Amino acid sequence: MRLELKDISNSEFELMHESVLRLLSEFGVLFEEEEAQALLIRAGNKLDDNGRIHLSEKFVESMLALVPKDGFMMYGRDESKTLNVAVDKIAFRPSTGTPFILDYETKNRRETTMDDARIMVTLVDALDGFDMVNSVVSPANAPGSAANLRRFINAHRYSQKPSDITVMTAREVEAIAKIAAAIRGDKDQLRQKPLTTIDVAMITPLRCTCEQTQALMECAKWGIPVEVLTSPAVGITGPVTLAGSAVVAMAEVIAALSLAYLIKPGLGIISTARISPINMRTAAYNYGTPELGMGSVVTAALSNRYNIPGNLYGFGTIAKLSGTQAMMEKMSSGLIIALAKPHMITGGGVLDNAMITSPEQLVIDNESIRFIKRIRKQITIDKDSLGMDAFIRNMSGEQVMLTEEHTVKYLRNGEVLDAGLGQWGSLKDWEEEGCPDLFERAHKKVEQILDSHSVEQFDNALEKEIDRIVDQSQL
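Definitions and limits used
Residues numbered from 1 in each chain as written. Predicted model: local features only at pLDDT ≥ 70, side-chain atom pairs only at ≥ 80, totals over all residues. Heavy atoms only, no water. Core = buried A, V, L, I, M, F, W, Y, C linked by side-chain atoms within 4.5 Å. Buried < 20%, exposed > 50% of the residue type's maximum accessible area, 1.4 Å probe, protein only. Helix = DSSP H or I, 4+ residues; strand = E, 2+ residues; numbered from the N terminus. Contact = heavy atoms within 4.5 Å. Expected span 1.5 Å × (residues − 1). Phe/Tyr/Trp six-rings, centres within 6.5 Å; stacked < 30°, edge-to-face > 60°. Lys NZ or Arg CZ within 6 Å of the ring centre and 35° of its normal. Pairing = 2+ DSSP bridges. Axes fitted to C-alpha atoms, helices over the stretch in contact; angles between N-to-C directions. Polar contact = N/O pair within 3.5 Å; in protein donor to acceptor, adjacent residues only side chain to side chain.

A. Structural context of the nonpolar core. Counting 71 residues, the largest nonpolar core has L24, F31, L55, I198, I269 and Y306 as the members making the most contacts within it. Per-element accounting of this core gives the leading share, 12 residues, to helix α9 (residues 242-263). Ignoring any residue separated from it by four or fewer positions in sequence, one finds Y306 in contact with F13, H17, V20, L64, V67, M250 and I254. Residues F92, L312, A319 and V363 belong to the second largest nonpolar core, which totals 37 residues.

Pasting the structure below:
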């Protein structure tokens with residue numbers, strides 16, 4: 001058995017699916033790019049006077065039939081770290097692109113730097129809870145107009161894990177694809193073993209700018225998996241109900257998927273839907289509410305029925321500092337999402353509605369991930385796991401199960417979570433350590449990782465090729 005939330009029923013899914021089809025056909029989708037419109041029209045869809053494409057039910061169903069049932073694979077730089085991107089294959093990644101960092105010494109926020117990017121990527125690579133890496137921060141001192149390319153390069157310079165990267169234009173996609181192909185070996189190897197996914201954003205309701213549409217199409221031409229970002233704000237750009245906003249988000253994901261599949265059928269697609277809770281008194285985002293996790297649960301349930309892996313936002317918090325509020329808000333949303341059988345949960349390391357990151361918070365969130373992965377682990381119920389033979393034999397003799405082979409076997413298999421950052425020792429031990437709190441323990445681990453962890457650097461030939469690609473990108 002395994003602890004998990006109940007799936008949506010067939011009748012609930014049919015009602016939501018009908019609503020998705022209705023949005024795509026009646027309301028339509030605005031792709032602000034002529035080539036995209038032409039592709040969709042040639043596929044039998046209609047363009048109205050306002051530039052919206054109305055996708056026929058038959059067309060949408062034919063595109064959904066091309067979704068890979070078992071997902072797809074991602075591979076890190078040296079292929080030692082792999083990621084099965086599929087429904088119910090749970091994974092975690094940090095949040096990305098935060099402009100500020102919490103300074104350990106002053107406890108104040110400051111703008112992030114390129115060195116912060118190195119630190120955060122190194123930590124993500126070292127922490128076993130995180131399965132995917134990204135730039136984590138948006139450094140204020142990133143050099144030149146190709147700053148986004150530098151963030152992508154650093155994600156792979158300091159990590160062996162597969163990555164994702166958010167882009168603004170098709171030119172950025174092309175440059176990232178060329179760099180990824182250089183790292184992998186060539187374009188064909190990159191297609192066979194994707195190194196990265198690229199995030200492309202829809203604007204609610206059902207609109208994609210010319211630049212983002214071109215970026216989506218460029219990804220499909222290169223065969224690079226796409227994360228479709230969508231973020232209905234409940235009660236503002238989406239219905240106030242979580243289910244209603246989830247339908248809007250899924251319609252946007254499927255619209256982007258349909259266009260991509262006209263270029264590259266079966267391309268890896270991830271539903272990166274964010275049902276964004278709103279403070280109804282101020283109309284500001286609030287990532288500390290329970291609706292953050294609840295909206296992701298509904299989105300995961302719907303996305304799973306389409307076999308589209310979901311990257312959902314958990315570990316969100318509005319807290320400005322690490323502490324009780326942050327832990328309460330992060331764990332409540334992270335755990336409930338994990339029980340909904342998603343693919344990916346995002347948000348590690350962030351504070352203050354994803355405006356701030358912190359090395360210590362990243363380590364603390366990694367600890368929460370250890371707990372969540374243990375909770376999600378299959379509870380085996382068979383003759384061997386029950387251990388009745390060992391129990392009866394032992395209780396007739398030593399009467400302590402610690403010496404039994406059965407105990408050792410299951411402990412080695414992770415049956416009992418081992419101590420991490422938490423203080424699991426005695427009061428005396430804690431006092432002798434100086435009574436450190438969780439944040440102080442996390443800082444100590446940050447220092448240990450940075451002192452001991454590194455990955456093999458790019459060779460000179462690859463560095464020169466990357467520099468050539470960046471220089472020629474004219475970004």
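B. Spatial organisation of helix α4 (residues 114-126). Its 13 residues give α4 an end-to-end C-alpha distance of 19 Å, which sits within 8% of 18 Å, the value for a rise of 1.5 Å per residue. Of all the residues in α4, the buried ones are D116, A117, I119, M120, V121, T122, L123, V124 and D125.

C. Spatial organisation of the packing of aromatic side chains. Inspection of the entire model under this criterion finds four aromatic pairs. Centre to centre, the rings of F371 and W424 are 6.4 Å apart; their planes meet at 80°, and the pair counts as edge-to-face. Of the two residues, F371 is situated in helix α12 (residues 359-376) and W424 in the loop between α15 (405-412) and α16 (427-432); the sequence distance between them amounts to 53 residues. The positively charged end of K107 is found above the aromatic ring belonging to Y104, 4.6 Å away from the centroid. Lying across the ring of Y75, K193 places its NZ or CZ 5.5 Å from the centre.

D. Examining the pairing of strand β5 (residues 82-85) more closely. Residues L83 and V85 of β5 are buried on one face, while the alternating residues T82 and N84, pointing to the opposite face, are not. Here strand β4 (residues 72-75) runs beside β5; their pairing, made up of four bridges, is antiparallel. Looking at the pairing, Y75 lines up with T82 of β5. Here β4 folds back onto β5, and the loop between the two strands holds six residues, one of which, E79, carries a positive phi near 70°.

E. Summary view of the sheet that holds strand β17 (residues 344-348). On the basis of which strands lie adjacent, the open sheet formed by three strands has the order β6-β17-β16 and parallel pairing. Each edge of the sheet is formed by a strand with only one pairing partner; in this case those strands are β6 (91-94) and β16 (311-313). For this sheet the average axis-to-axis angle between neighbouring strands, irrespective of direction, equals 35°. In terms of strand pairing, β16 meets β17 through three bridges, oriented parallel. Note on β17: the bridge partner recorded for N311 is M344.

F. A look at the side chain of S163. Within the fold, S163 resides in strand β9 (residues 163-166). Polar contacts involving the side chain of S163 include one to the side chain of T196, which spans 2.8 Å. Aside from chain neighbours lying at most four places away, what touches S163 is M74, M132, V133, F152, H156, L195, T196 and T197.

G. Local environment of the sheet that holds strand β10 (residues 196-201). A sheet is described by the order of its strands in space; here four strands give the open sequence β9-β10-β12-β13, paired in parallel fashion. With one partner strand each, in any of the chains shown, β9 and β13 (269-273) form the two edges of the open sheet. Here the strands of the sheet are splayed against their neighbours by 25° on average, with no regard to which way each runs. Across five bridges, strand β12 (residues 226-230) lies against β13 in parallel orientation. Looking across to β13, one finds that E227 is bridged to I270. Here helix α5 (residues 147-157) sits on the sheet and contacts β9 and β10; the angle it forms with β9, its principal contact strand, is near 170°.

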